[in-house]
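Descriptive structure summary
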Amino acid sequence: MSTLDAATIKKQFPLLLREINGLPLVYLDSANSSQKPQSVIDSMTTFMEQSYAPINRSAYHLAAAATDAFEGAREKVQRFINARRAHEVVFTKNATEALNLVAYSWGRANLSSGDVVLLTHMEHHANIVPWQMLAQDKGIVLRWVPLTADGQLDLTTLPELLAGAKVFGFTAMSNVMGTITPVQQLCAAAHKAGAIAVVDACQYVPHNVTDVQAWGADFIAFSSHKMCGPSGIGVLWGREELLQAMPPFLGGGNMILDVRLDGFTCAELPAKFEAGTPPITEAVGLGAAIDFLTDLGMANVRQHEIEVASYAMRTLRERFGDDITLHGPTNVEVRGATFSLAFRGIHPHDLSQVLDQRNVCVRAGHHCAKPLMRELGVNATARASFYLYNDTADVDTLADALDSASDIFGS
Amino acid sequence: MPGLEDLYREIILDHHRTPRNRGELPPPAAHAVGHNPLCGDEIDVYLQVENDIVKDVKVGGQGCSISQSSASMMSQAIKGKKLPEVRALVRRFKGMMSIPDEDGNPIEPDPSVKLGDLEALQGVVKYPVRIKCATLSWNTLLEALAQS
Ligand SMILES: Cc1ncc(COP(=O)(O)O)c(C=O)c1O
């Protein structure tokens, strides 16, 4: 008996109940973006039907209530990741914007030519390119943590790599291989070397209990759309002292206390980093997603995914032996339920096309991690990622669909 | 598997399994590299043009069955052809892939241009994301032509 009853959970996701060509949908692309439960959909609809108003700028009752709803969502995020203060939670467009904010604002204020930023070979482009842009502008130097053969971070030379570094940016969970990294240990190592720790938690927060204080992180970034919430809103959490000392990112309305002809004064946190009209309805939806996840219990979600991941590794190995390669760790303690796979030499595009015939949705491509693809020696992989609404039956359907791919491309 | 026969015709799978004209050509042959940013696939087209005739063509790189077979059939179709014929074929092929001309107008099929085996890729149009796979080598060919 599984910790979570995926069948009951699935019923709360209207889209997952759809059938296409008489076959149920097997959605295995949640690492890309997750589906939305009815409660999230309803929260946004109800808010727009009954409570929508601009926030922060108006005295009328409706606007005050909308502001409360928006700030209520911030407090839900605060509790969900165990942040010390709600104003350490900055709403952004997505994780990408959150990471750009750190590189741009903190980076420009604190880094200069020759300074070292340490990243890893398994980063998403969102945690690479902003630093490369900074490297072009500021002449900072990028270093890279290599990987072990089973797709974990190779930490044997970490102290040398960190020596003199000012930033250590790393993912908490790989979006390609599912690898979970030792975040707490990495944050401690960063601090020991005098660097700040920037954690890309985009794949971690939707699947695990997150505690930024226990991690000892300085910044974390994640996106609502991967955790049952709507697209259009993401989160940057940062330690208060760091956020206070940083210059603003985007300029405009809401982020100022005063604007004169000769200059401006920034607003307090978090408004300082929230220029312009924010994603208001989306914040309400994110709040509802957090309620949904909290009701399930993130420890249960993690346990469920361990069970599904174990079943997937066992089943695929038993059925296909050496014909299938699952990139990443085999130990479920250090991996989530995201699998990049190579199957009988069939190109990922062809594989995902054939799987689609059975409504099995997997992503084919480089998953915005081209440096990692080069490391794995491939151009692309097919990725099956499981979430709280997937169960072992979905693994079986995937395996059956893989079999049918051999019928077409069989060698 | 029902539904996919249109896409994965036997002739496509054949070119995928045994691609024709694989390899490289040394300079001064023209060489262009095409990328499919969606999936990271790469294709190399080497083109040796003499007296406005494609004397030789080679294809390298990696890709899915659609991009590989399209490249393979393309190489067969253009070898020994005069450049105007090659350009007309590119146009005809893009028309079959529902790609508009430079002005955004649909390309009318020119019956004097024979597609031969390439006709088998017709089914790709029903799978819009795969059109990029089928046209990757053709766009790379245009780049190589621009160099020669
Ligand atoms: C590890 C990781 N980081 C960052 C991102 C970027 O997220 P978004 O596209 O929502 O900004 C993703 C999403 O694909 C991801 O998987």
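The rules we used
- The residue numbering used here restarts from 1 in each chain and proceeds along that chain's sequence as written.
- Chain letters and ligand numbers both follow the written order, the letters beginning at A and the numbers at 1.
- Only residues with pLDDT of at least 70 are given local features in this predicted model, and only at 80 or more are side-chain atom pairs given and counted; all residues enter the totals for whole chains, interfaces and linings.
- With hydrogens and water set aside, each side-chain value is computed from the structure's full complement of heavy atoms.
- Note on conventions: DSSP H or I runs of at least 4 residues are helices, E runs of at least 2 residues are strands, and numbering of each starts at the N terminus.
- Burial classification: accessible surface area is computed with a 1.4 Å probe over protein chains only, and a residue below 20% of its type maximum counts as buried, one above 50% as exposed, and the rest as partly exposed.
- Throughout, a residue-residue contact means that at least one pair of heavy atoms, one from each residue, lies within 4.5 Å.
- Exposure was quantified through the Shrake-Rupley algorithm and a 1.4 Å probe, taking into account, for residues, occlusion by the shown protein chains and nothing else.
- Lys and Arg are tallied as positive, Asp and Glu as negative. Neither His nor the chain termini are counted.
- In plain terms, the charge of a residue is placed at NZ if it is Lys, CZ if Arg, CG if Asp and CD if Glu.
- The rule for a residue being near a molecule or strand is that one of its heavy atoms must lie within 4 Å of it.
- Side-chain atoms alone can form a polar contact between residues adjacent in sequence; in general such a contact is a pair of N or O atoms within 3.5 Å, and within protein one must be able to donate a hydrogen while the other accepts it.
- Three classes are used, and their members are as follows: Ala, Val, Leu, Ile, Met, Phe, Trp, Tyr, Cys and Pro are nonpolar, Asp, Glu, Lys and Arg are charged, and the others, Gly among them, are polar.
- Note: two strands are recorded as paired if DSSP finds a minimum of 2 bridges between them.
- Only the stretch in contact is used when a helix axis is fitted, and all axes are lines through C-alpha atoms; the angle between N-to-C directions ranges over 0 to 180 degrees.
- Per-residue confidence from the prediction method is given by pLDDT, with values spanning 0 to 100.

Moving on, we get to the overall build of chain A. Of regular secondary structure, chain A possesses 14 helices and 17 strands. Its C-alpha atoms give chain A principal-axis dimensions of roughly 70 × 55 × 35 Å. By residue count, 55% of the 411 residues in chain A fall in the buried class. Sequence-distant contacts in chain A: of pairs separated by 6 or more residues, those separated by 24 or more amount to 71%. Summed over all atoms, the accessible surface of chain A reaches about 15800 Å², with 51% contributed by carbon and sulfur. Each charge class in chain A was averaged separately, 31 positive and 43 negative side chains, and the resulting centres sit 4 Å apart.

In this section: the site of the ligand. Residues and elements named next belong to chain A. Residues in close proximity to the ligand include Asn94, Ala95, Thr96, His124, Ala126, Asn175, Asp200, Cys202, Gln203, Ser223, His225 and Lys226, which together make up its full environment. Separating an oxygen atom of the ligand from a side-chain N or O atom of Asn94 is a distance of 3.5 Å. One of the side-chain N or O atoms of His225 is found 2.7 Å from an oxygen atom in the ligand. When isolated, the ligand has an accessible area of 400 Å², and the protein chains bury 89% of it. Tallied by class, the residues present in the shell around the ligand amount to 3 nonpolar, 7 polar and 2 charged.

On to the sheet that holds strand S6 (residues 141-145) of chain A. Residues and elements named next belong to chain A. Within the open sheet, the 7 strands sit side by side as S4-S10-S9-S8-S7-S5-S6. Their pairing is mixed. Single-partner strands in this sheet number two, and they are strand S4 (89-92) and S6. Within the sheet, the average angular offset between the axes of one strand and its neighbour, ignoring direction, is 20°. The sheet strands contacting helix H4 (residues 95-110) are S4, strand S7 (165-171), strand S8 (196-200), strand S9 (219-223) and strand S10 (234-238), and the helix crosses S9 at an angle near 155°.

Adjacent strands of a sheet pair through backbone hydrogen bonds, lying either parallel or antiparallel. Residues and elements named next belong to chain B. Here we have 3 strands laid out as an open sheet, ordered S1-S2-S3, and antiparallel in their pairing. Taken across any chain shown, the strands that pair with only one partner, and hence form the sheet edges, are strand S1 (30-36) and strand S3 (53-62). In this sheet, adjacent strand axes meet at a mean angle of 20° when their direction is disregarded. Both strand S2 (residues 41-50) and S3 contribute to a ladder of 9 bridges, which runs antiparallel. Bridging from a neighbouring strand, Val49 pairs with Val54 of S3. Here helix H2 (residues 65-78) sits on the sheet in contact with S2 and S3, set at roughly 170° to S3. The sheet contacts of helix H4 (residues 128-147) involve S1 and S2, and relative to S1 the element is tilted by about 150°.

Locating Gly40 of chain B in the fold gives a position in the loop between S1 and S2. Using a relative accessible area of 4% as the deciding quantity, one classes Gly40 of chain B as buried. Through-space distance from the C-alpha of Gly40 of chain B to that of Gly63 of chain B is 8.6 Å; in sequence the pair is 23 residues apart. If we skip the residues at most four places from it in the chain, Gly40 of chain B touches His366, Lys370 and Asn379 of chain A.

Once that is clear, we can look at the side chain of Asp394 of chain A. Mapping Asp394 of chain A onto the fold places it in helix H14 (residues 392-409). Residues within four places of Asp394 of chain A in sequence aside, it is in contact with Lys10, Val26, Leu28, Phe386 and Tyr389 of chain A.

In this section: the confidence of the model for chain B. Of all residues in chain B, 99% have pLDDT values of 70 or greater, and the mean over the chain is 91. Complex prediction metrics read pTM 0.93 and ipTM 0.84.

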